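# Summary of the model geometry
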Amino acid sequence: MKSDSVPRRIVRWGLYPASWAWIILGLAAVLRMEADERPAWVLITLPLLLSYLVIELTLPMERRWSMSWRNLLPDIAYIALSGTSVGLLSAALAMISITISGQVTGPARDWPLWAQVPVLFLIFEFINYHIHRAMHELRGPLGRMLWHVHVAHHLPDRLYLLMHAVLHPFNSMLIQGLAIILPIWVMGYQPEAVLIFLVVNAFHGIISHFNVDLRMGWANHVFVGPELHRYHHSAEMNEAKNYGATLTIWDQVFGTFVYRPGHAPHDLGTSPNDTLPEYRRVFAVLALPFRRT
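Keep in mind that what you see is a predicted model, and the values were worked out from it rather than measured. (Residues numbered from 1 in each chain as written. Predicted model: local features only at pLDDT ≥ 70, side-chain atom pairs only at ≥ 80, totals over all residues. Heavy atoms only, no water.)

### As for the environment of Gly-255
Applicable threshold: Going along the chain from the N terminus, every DSSP run of H or I of four or more residues is numbered as a helix, and every run of E of two or more is numbered as a strand. The cut-offs for exposure are 20% and 50% of the maximum accessible area for each residue type, with area from a 1.4 Å probe on protein chains only; residues under the lower value are buried, those over the upper are exposed, and the others partly exposed.
Along the chain, Gly-255 falls in the loop between α9 (249-253) and α10 (282-286). Look at Gly-255 and you get exposed, because its relative accessible area is 64%. When the C-alpha positions of Gly-255 and Lys-241 are compared, they lie 9.2 Å apart, and in sequence the two are 14 residues distant.

### As for the side chain of Arg-230
Stated precisely, the cut-off is as follows: Positive charges come from Lys and Arg alone, negative charges from Asp and Glu alone, with His and the N- and C-terminal ends not counted. For this analysis, a salt bridge means a side-chain nitrogen from Lys or Arg found within 4 Å of a carboxyl oxygen belonging to Asp or Glu. Whenever two N or O atoms come within 3.5 Å, that pair is a polar contact, provided that in protein one can donate a hydrogen and the other can accept it, and provided that, for residues adjacent in sequence, both atoms are side-chain atoms. Whether two residues touch is decided by their heavy atoms; if any such pair falls within 4.5 Å, the residues are in contact.
Position of Arg-230 among the secondary structure elements: in helix α8 (residues 226-232). Buried and unpaired, Arg-230 has Asp-213 as its nearest opposite-charge partner, separated by 5.5 Å. For Arg-230, the side chain forms a polar contact with the main-chain oxygen of Val-212, separated by 2.7 Å. For Arg-230, the contacting residues outside a window of four places in its chain are Met-61, Trp-65, Leu-159, Phe-210, Val-212, Asp-213, Pro-265 and Leu-268.

### Looking at the packing of aromatic side chains
Selection rule: We call Phe, Tyr and Trp rings a pair once their centres come within 6.5 Å, taking the six-membered ring for Trp, and we label the pair stacked below 30 degrees between planes, edge-to-face above 60, and tilted otherwise.
A full pass over the atoms with the stated rule returns 12 aromatic pairs. Look at Trp-20 and Phe-203: their rings are 5.8 Å apart centre to centre, the planes differ by 85°, and that puts the pair in the edge-to-face class. Residue Trp-20 is found in helix α1 (residues 6-33), and its partner Phe-203 is found in helix α7 (residues 191-207); the two are separated by 183 residues along the sequence. Where Phe-121 meets Phe-197, the ring centres are 5.0 Å apart and the plane angle is 65°; that geometry is what we call edge-to-face. Of this pair, Phe-121 sits in helix α4 (residues 113-137) while Phe-197 sits in helix α7, and the two are 76 residues apart along the sequence. Phe-197 carries the same exposure label as Phe-121, and that label is buried.

### Description of the packing of α4 against α7
What counts here: Axis geometry follows a simple rule: fit a line to the C-alpha atoms, using only the stretch in contact for helices, then measure angles between N-to-C directions, giving values from 0 to 180 degrees. When an angle is under 35 degrees it counts as roughly parallel; over 145 it counts as roughly antiparallel; between 65 and 115 it counts as roughly perpendicular; any other value is oblique. Note: crossing handedness is left-handed where the near helix turns anticlockwise from the far helix by less than a right angle, and right-handed where it turns clockwise. Throughout, the ten residues Ala, Val, Leu, Ile, Met, Phe, Trp, Tyr, Cys and Pro are labelled nonpolar, Asp, Glu, Lys and Arg are labelled charged, and all others, Gly among them, are labelled polar.
For the pair α4 and α7, interaxial distance at closest approach is 9 Å and the crossing angle is 50°. As judged from the angle between their axes, α4 and α7 are oblique. The two elements α4 and α7 meet at a crossing, and its hand is right-handed. Seen from α4, the contacting residues are Leu-113, Gln-116, Val-117, Leu-120, Phe-121 and Phe-124; seen from α7, they are Glu-192, Ala-193, Val-194, Ile-196, Phe-197, Val-200 and Asn-201. In the contact of α4 with α7, the residues fall into 10 nonpolar, two polar and one charged.

### Brief notes about the nonpolar core
What counts here: Working definition of a nonpolar core: buried Ala, Val, Leu, Ile, Met, Phe, Trp, Tyr and Cys residues. They are joined through side-chain atoms within 4.5 Å.
Tyr-16, Tyr-52, Tyr-189 and Phe-210 are the most contacted members of the largest nonpolar core, which has 49 residues in total. Broken down by secondary-structure element, the contributors of at least two residues to this core are α1, α2 (37-58), α4, α5 (140-150), α6 (169-187) and α7. Considering each element in turn, this core owes the most residues, 12 residues, to α7. With sequence-adjacent residues up to four places away left out, Tyr-16 is seen in contact with Phe-203, His-204, Ile-207, Leu-214, Arg-215, Met-216, Ala-219 and Phe-223. Ranked by size, the runner-up nonpolar core spans seven residues in total, among them Trp-147, Val-151, Leu-155 and Leu-288.

### Notes on the environment of Phe-210
Mapped onto the elements of the fold, Phe-210 is located in the loop between α7 and α8. Judged by relative accessible area, Phe-210 falls into the buried class, the value being 1%. Sequence spacing of Phe-210 and His-229 is 19 residues, and the spatial spacing of their C-alpha atoms is 9.4 Å. The residues touching Phe-210, leaving out its near neighbours within four places in the chain, are Leu-15, Tyr-52, Ile-55, Glu-56, Leu-161, Pro-226 and Arg-230.

### Focus: α5
In an α-helix, one full turn covers 3.6 residues, which means residues spaced three or four apart are oriented alike. When α5 is considered as a whole, its buried residues turn out to be Gly-143, Leu-146, Trp-147, His-148, Val-149 and His-150. On its buried face, α5 sits against α4, α6 and α8.

### A closer look at the pattern of salt bridges
Per the counting criterion, the structure on display carries nine salt bridges. The residue Asp-267 makes a salt bridge to Arg-64 at a minimum N-O spacing of 3.7 Å. Linking Asp-267 in the loop between α9 and α10 with Arg-64 in the loop between α2 and α3 (72-101), this pair joins segments that are 203 residues apart in sequence. Residue Asp-267 is classed as partly exposed on the basis of its relative accessible area of 39%. It is possible to trace a salt-bridge network through shared partners that takes in Asp-4, Arg-12, Asp-213 and Arg-215.

In structure tokens, the structure reads:
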């Protein structure tokens, strides 16, 4: 059993509210100064990511789920070839989302900010939920292609912060295009609403892959965090649910919400029955969507 040290207890219960405090203060400062929202998205989220990396290296929840020296080179290769391109693409699409929101009009344009933000989240989550669930559960040729687009994210039997960037580029383009950019173009949200969405969405995307014993308590019934997303990466397919990105609402509505406080899945990765290339074979994995069988 891991020693329940004071630093671990502080991180377990204090890091999540402290992170929210940083986000709220950062967003308040940007909105008060009426600064450009595009660099603000990076300036608020980057310090969180760097801080989390230090915490994860020093206080990992499960060392078997951490980056290791033995796997360091394959990890770097995958992140360089796939993760970095996806990260740059996501950042570019985030900037495009904010830019578009300042140039288009739509039904949400004149709504107050407090109304735009929850609607933006609910629409994004609804579209993302169904695309994500289809990637896992849809059968037939389309379902197989979607799974092959998404499976790179599930092949590793580990889960750590940088896993957030291990995606097939098609996966990122599909989600960003259909669940973020298209609704922003149709609805005409204000740039301030888009900034709030992007910061909170990035924050929860990062911590959901956090290999640290971070607890969210009752907030798990609202937001997706590491306690929930670990089960999404479980190698046991009957518990590999939780398809939400930031909010859990649609998982609860459609019966795919899995929450077991204080417990983690036994193993991570894909089913051993799947005939998939080993994730270190980066080019073979990236070529999967083009395979007919």
